[in-house]
Every structure is written in C-alpha cells, then in structure tokens.
Amino acid sequence: MTLEIKDLYVSIEDNLILKGLNLTVNGGETHAIMGPNGTGKSTLAQICMGHPSYKIESGDILLDGESIIEKTVDERSRLGLFLAMQNPIEVPGVTNFDFVKAAIQTRMKKDEHLRIGRFILKFEKASEDLKMGKGLAHRFLNQGFSGGEKKRNEILQMKMLNPRFAFLDEIDSGLDVDALKLVGQNVTELKSPELGLILITHYQRLLDYIIPDYVHIMINGKIVMTGKEELINRIDQEGYDWVKKELGIEDLETKPYSLGTCPSKH
Amino acid sequence: MEMLNFLKDNPYLIAFDNIETINNANIAIKDNHLTFNKGNEFFVFLDNFDKFNSLNFTIKKEQDIKIYLITYQSRKIEIDYNFELQEKANLKIFTNFSSRRKTFLNANLKFTLAKNAKLTVLSALTFNGEVKLNETVNLNGLNATVDIDLLNVGGKTSKYYVNQDVFHNEKATISNIDNWLIATDQAKLAYSVSGSIQKGKEFSKCRQSNKGIMLSDSCEIMVEPKLFIDEYNVEASHGAAIGQMDELQLYYLLSRGLTENDARSLIISGYINPFISLIDNKEIATQLTSQISRLIRRKAYNE
Ligand SMILES: Nc1ncnc2c1ncn2[C@@H]1O[C@H](COP(=O)(O)OP(=O)(O)OP(=O)(O)O)[C@@H](O)[C@H]1O
Ligand SMILES: [Mg+2]
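Source: prediction; values computed, not measured.

Each side of the interface is counted separately: chain A has 30 residues, and chain B has 17 residues. A combined buried area of about 1900 Å² lies between chain A and chain B, and 67% of that area is made up of carbon and sulfur atoms. For the chain A face of the interface with chain B, the top three residues by lost area are Asp-74, Ile-89 and Phe-99 of chain A, together amounting to 24%. Here Arg-256 of chain B ties to Glu-154 of chain A by a salt bridge, and the two come within 2.7 Å at their closest N and O atoms. The interface formed by chain A and chain B holds 14 residue pairs in polar contact (both at pLDDT 80 or more) in total.

This brings us to the pattern of salt bridges. Opposite charge on two side chains lets them pair, provided their charged atoms get close. All names here are of chain B. Enumeration over the complete set of coordinates arrives at 20 salt bridges over all chains. Note that Glu-78 and Lys-76 form a salt bridge whose closest N and O atoms lie 3.7 Å from each other. A relative accessible area of 42% places Glu-78 in the partly exposed class. For Asp-178, the salt bridge goes to Arg-207, with nearest N and O atoms at 3.0 Å.

All names here are of chain A. Residues in contact with ligand 1 amount to 15 residues; listed here are only the nearest, Gly-38, Lys-41, Ser-42, Thr-43 and His-202. Here an oxygen atom of ligand 1 and a side-chain polar atom of Lys-41 are 2.8 Å apart. Between ligand 1 and the protein, one listed contact pairs an oxygen atom with a side-chain N or O atom of Ser-42 at 2.8 Å. Against a free-state accessible area of 640 Å², the protein chains account for coverage of 66% of ligand 1. Contributions of two or more residues to the shell around ligand 1 are made by β2 (15-26) and α1 (41-49). The element that contributes the greatest number of residues to the shell around ligand 1 is α1, accounting for 3 residues. Its residues placed into classes, the shell around ligand 1 shows 3 nonpolar, 9 polar and 3 charged.

For the rest of this paragraph, the subject is unusual backbone geometry. With glycine set apart, most residues show a phi of negative sign, and most peptide bonds adopt trans. Residue and element names in this part refer to chain B. Here Asn-48, not a glycine, exhibits a phi torsion of approximately 50°, which is positive. If you trace the backbone, Asn-48 turns up in the loop between β5 (40-47) and β6 (54-59). Residue class for Asn-48 comes out buried when judged on its relative accessible area of 14%. Although it is not a glycine, Lys-156 adopts a positive phi angle of roughly 50°.

So, about helix α3 (residues 96-105) of chain A. Every α-helix carries 3.6 residues per turn, so stepping three or four residues along brings you back to the same face. Most of α3 of chain A sits out of view: 7 of its 10 residues are buried. Residues of α3 of chain A that are buried include every one of Asn-96, Phe-97, Phe-99, Val-100, Ala-102, Ala-103 and Ile-104 of chain A, and no others.

Right, let's get into a negative patch on the surface. All names here are of chain A. Taken together, the side chains of Asp-208, Glu-229, Glu-230 and Asp-236 make up a negatively charged region of the molecular surface. It is helix α8 (residues 229-238) that provides the largest number of residues to the negative patch, a total of 3 residues. By the element assignment, Asp-208 lies in helix α7 (residues 204-209).

Let us look at the sheet that holds strand β1 (residues 2-12) of chain A. Residue and element names in this part refer to chain A. Pairing within the open sheet is antiparallel, and its 4 strands lie in the order β2-β1-β4-β5. With partners counted over all chains shown, the strands left at the sheet margins are β2 and β5 (66-67), one partner each. Pairing of β1 with strand β4 (residues 54-63) involves 8 bridges; the strand directions are antiparallel. Bridging across to β4, Glu-4 finds its partner in Leu-62.

Ideal donor angles around a metal are set by the shape: a four-donor tetrahedron calls for 109.5 degrees, a six-donor octahedron for 90 or 180 degrees. Residue and element names in this part refer to chain A. Bound to the magnesium ion (ligand 2) are the protein donor atoms Ser-42 (OG) and Gln-86 (OE1), situated 2.0 to 2.2 Å from the metal. Of the two residues, Ser-42 is situated in helix α1 and Gln-86 in the loop between β6 (81-84) and β7 (91-95); the sequence distance between them amounts to 44 residues. For Gln-86, a relative accessible area of 26% translates into the label partly exposed.

Turning to the confidence of the model for chain B, a few remarks are in order. Residues and elements named next belong to chain B. Here chain B averages 93 in pLDDT, and 98% of its residues register 70 or above. Within chain B, helix α3 (residues 282-300) has the poorest average pLDDT of any element, 81, and strand β14 (residues 159-168) the best, 98. Contacts from residues 299-303, a stretch scored under 50 in pLDDT, to residues over four places away or in other chains number 16 contacts.

Criteria and cut-off values
- Residues numbered from 1 in each chain as written.
- Chains lettered and ligands numbered in written order.
- Predicted model: local features only at pLDDT ≥ 70, side-chain atom pairs only at ≥ 80, totals over all residues.
- Heavy atoms only, no water.
- Contact = heavy atoms within 4.5 Å.
- Buried area = accessible area lost by both parts, 1.4 Å probe.
- Salt bridge = Lys/Arg side-chain N within 4 Å of Asp/Glu carboxyl O.
- Polar contact = N/O pair within 3.5 Å; in protein donor to acceptor, adjacent residues only side chain to side chain.
- Buried < 20%, exposed > 50% of the residue type's maximum accessible area, 1.4 Å probe, protein only.
- Near = heavy atom within 4 Å.
- Areas by Shrake-Rupley, 256 points an atom, 1.4 Å probe, with all protein chains shown as cover.
- Helix = DSSP H or I, 4+ residues; strand = E, 2+ residues; numbered from the N terminus.
- Nonpolar A, V, L, I, M, F, W, Y, C, P; charged D, E, K, R; others polar.
- Patch = residues over 30% accessible without salt bridge, like charges linked within 9 Å, V, L, I, M, F, W, Y side chains within 5 Å.
- Lys, Arg positive; Asp, Glu negative; His and termini not counted.
- Charge placed at Lys NZ, Arg CZ, Asp CG, Glu CD.
- Pairing = 2+ DSSP bridges.
- Donors = N, O, S within 2.8 Å, 3.2 Å for Na, K, Ca; no water.
- pLDDT = per-residue confidence, 0-100.

Now the structure itself:
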C-alpha cells in the first residue's frame, strides 16, 4: 500500500505552485507536512484529490504503483483517497445524513444494499465520538457550522468512509483545546497498517496528539527537508528562517519591488 | 374527469371540468364562485377547465383555510383566479399547474387582502409548454401579510413568463417573495418581480429574493426585480443570485465518492427541498417531487 508523488509540478491560473515535489507514503505511516503560508501545502492535497482548478504540468501521482492522475475526483475517493479540507464547503439543502449515506452507498457493490439501521448506529456513534451533538444528522452540510464543527465534521466523514490515504489539511485550525484533543484521539484511533496519513499543520500541538513518523518541511513548492519529531520543536520555536539559511533558499518575498505609481494624496 | 389517484375519494375534494363539478367538501358553489366559511384543508382539482373565464374564491372573515389548487390540462387554457381574503382570514394556498402535453397556459392569480388577513402562497411550476402567469397581490387592509414561495423547474423548450406584483395599499403591510428557479435543456424563464409601497403606507415591509440555477448551456433565466417605494418609513430589499451549479459544492461531494450524477442530483434536491418541505400534505409533496425528477433526471445531470 503506497501513495507516491513523483517530481510533481502543478500550476493554478498560470502560477506554478508545486515545483518538483516528491513524497512517498506507505500504509501505516503518518507524515506531517509543515511550511510557511502559501508554500503549496493545500495545493498538494487538492491536486491529489483532483481539484478542478489545479493543473499538473508534469510528474505523476501513483496509488499502489498505478497512476491516478487521469482518474476523476469520485474515482479517487472510491479508490481510498480522502481529504479533510482546510475550508470545508457548505452545501445548503443537503443534510449531513443524506450526504454521508450517499457517500457510503456509492462504495457498495451492485448487489449490496445499505442496512439503514446499522448505518444510523454507526453515524450516531461517530458523531458522539466527536461530540457533534444530536441534531447534526439533519442539519445542512456544513451550513452555519462553526469553524470547529466543520473540522470535526470532516473527521466524522473520514471515520465513516475508512479511507486508505487521508490528507488532513490544517485540521487543527479553529479547534479549541478540548476539541483538538478529541480530534487527535479520534484520528489516532483510526491509525492502522491500512491507513496512510498526511497531516498538514502549522503547529506542534496537533502533533502532540497524532504522532508522526516523518516530518517534512515544504518551502516554495517542494519538500526541502525531512526529519523526525525534533524538527517540529525547532520550527515551533524558531520558524523557518534557519531552514532557508541552512539550505540557501532565497526568499521570494524579499525580492525588491517598486511601489510604482500608487495613487497618493498630497 | 381524469383525476389524480390519491384525490379520488378525498372527502375535501372539489373538482371541475367543463362538464361536471364534484363537491365532496360541500362548499358553497355558485356558478364560478366558491365561498369558504369553515376552516379546513381543501383540494381543488381542475381538469381542462375553462368553462368560465374566471374562478372566484372568497375566504370568509377569520377563517383558516388551506387550499391545494391542482390543474391539469392538455390544451390551451386562459383563466383568472381571484381570491378575496376578508378580515383576519388566513389562507395557505398551494398551486401546481401541470400539462399532460406541450401546451399553453395563461393564468392571472389575483389576491385581495383585507385588514389582518394573512396569505401564504406556494406555487409550483413544472409545465410542459408555455406559461404566462401573473400573480397580483393587493394588500388593502392594515397589517395584511403575504408570503410567496415559488418553485419553477423548466425543461425541454418550455417558456415561462411570470409577473409578480405586490401592492402595499395600506400601512404596516408585509410582503415576502422567494423564487427558486431551475432551468435545463432549452427552457426559458423570464421573471418580473415588483413591490410597490405608496406614499403614507408607512411601517410596511417588502422583501424579495430570487435564486436560480442553470443546468444547461442553452437554457435562460432572467429576473427583473423592481421596487417602487414612495415612502421613507419602510423596509424594502431585493436580491438575485442566478448562476451555474456551484463547482466547489460539486467538487466537495465528488471528493467523497459520489458519482457526478448523484452529486448533481443531491445538490439540486438540496435546492428544491426547502420548498418541498413547506408543503404540509405528504401526497402532494411526493407527487411534485416525482414530477420534478422526471423533468430533470434525463438531461440535466450529464452536462
Ligand atoms: N486561484 C488562484 N489563483 C492564483 N493563485 C492561487 C490560487 N489559489 C491559490 N493560489 C496561490 O497558490 C499558492 C499556494 O497556496 P496553498 O493554498 O497551496 O498554500 P498553503 O501552503 O496551503 O498555505 P497556508 O499555510 O496559508 O494554508 C499561494 O501563493 C496562493 O496564493
Ligand atoms: Mg493551506
């Protein structure tokens, strides 16, 4: 069980974001990806899922040795890919329950059908585990959810769908201290040889609850350094400057620029 | 008379075609005039009915009435429906104008509200052919209130020309219009929605919202919202959001494995459900849902 990202170049609206990214995740492994804002972390997760706005310029994404870049978004999901999004989308009028039910039904074989009673129990258990409250099932998908509720709802879906490879994109943002612990526990419980996890985060606190096997630092569209837990600590305390310095990475932001002809009042 | 099955033996059925009248509900009917003086839920069914050029409904003072007005036609029909709501009358009316084949409907729905009358209109339009519909509401009495929700699902080469006009002719009158428009194939939906508050009719509120999804490249939805306000001390607002299906919503559902067909139909049902849930009668709601899915299942989902 492997997910391999090979020398991947990805652009959005003619801006090159990923610039030769390599990453291999095996079943049972947990990888953390850290890096400054705008460096392409979400782009990586979205392109693996097949987001329509991003374009692969070159490189490949392989699931168990087979390229998935020609597969549609839903096919990738049914092959076992999952993305807990940084900004989960609101879908008015569609209840959480109907949505998750449809997502499960689409994974069943032609002659199978959903045992609704069992499904309801599983759904209720999952929302209880995440302290989502009873009314959740019949609320519209993410609509009016608080930031933290949206994030918990992503993990609820993950629990229901049993993916093989899951990207969790800043699942810790918007969570209060208790919720963070809860989400951490829930994700840790899901760990198994049948699941590869890719955690995108800015902060150490998430990684206190979900212990990663590898920590990658991503800058300017590629992974520039890979290590273990000691990296997390250092980034938490010192930021990324030392990485850039050590590797001689030019900061794109510090290029001199002119203010040009900004209108000004005299 | 060709009748919807679930209505046949309904004790509150009133049905017309040009030959016979069925009045299970025992309502006072004189020629083309129906008078409602006992609170209840009534089903008015019209099969190709145009014996008169108008059908008139009076809701007596303080009566609480629900009417499901369902019309079926297989030829061109032109007719006016007039509703008079007396003081403190409360009418909740559901209308569904349907055609058995491609044809033409020209209908004027006119509502007149006295003091403290309350009107709720749920209009479903799933017509095959061409519709010219005028909904006119006169809020003539103090505190008269109207709430209109309209769901129009247009497919094939259907054309809908709909005018909605609300006149706030008295103080402290309230109107609320929500239109939900869905077009596919080559359907064309043209709406003009207007609210008028005359001078001196202060403390009135007039609000409208128009939402539309276009499911094909060759369909059209046009909405012209208008507010004519001649008084300062009022609240008035309008909004329109017409566009394609939201690509990010679609992506989100796909990313959980729903096929494109399933994802699209779930989003569309999410759009329709809030309207359907306003319909109290289960059978009427089910009938409408299946009408709609017949209309949009085929083409809308594979574009
Ligand atoms: N539609 C777009 N058009 C142009 N540039 C875009 C678009 N969407 C994203 N970008 C740019 O792509 C770059 C990478 O964005 P991405 O969301 O992958 O960053 P990130 O590493 O996840 O950042 P953060 O830590 O802030 O979430 C950013 O500079 C962003 O501005
Ligand atoms: Mg991001």
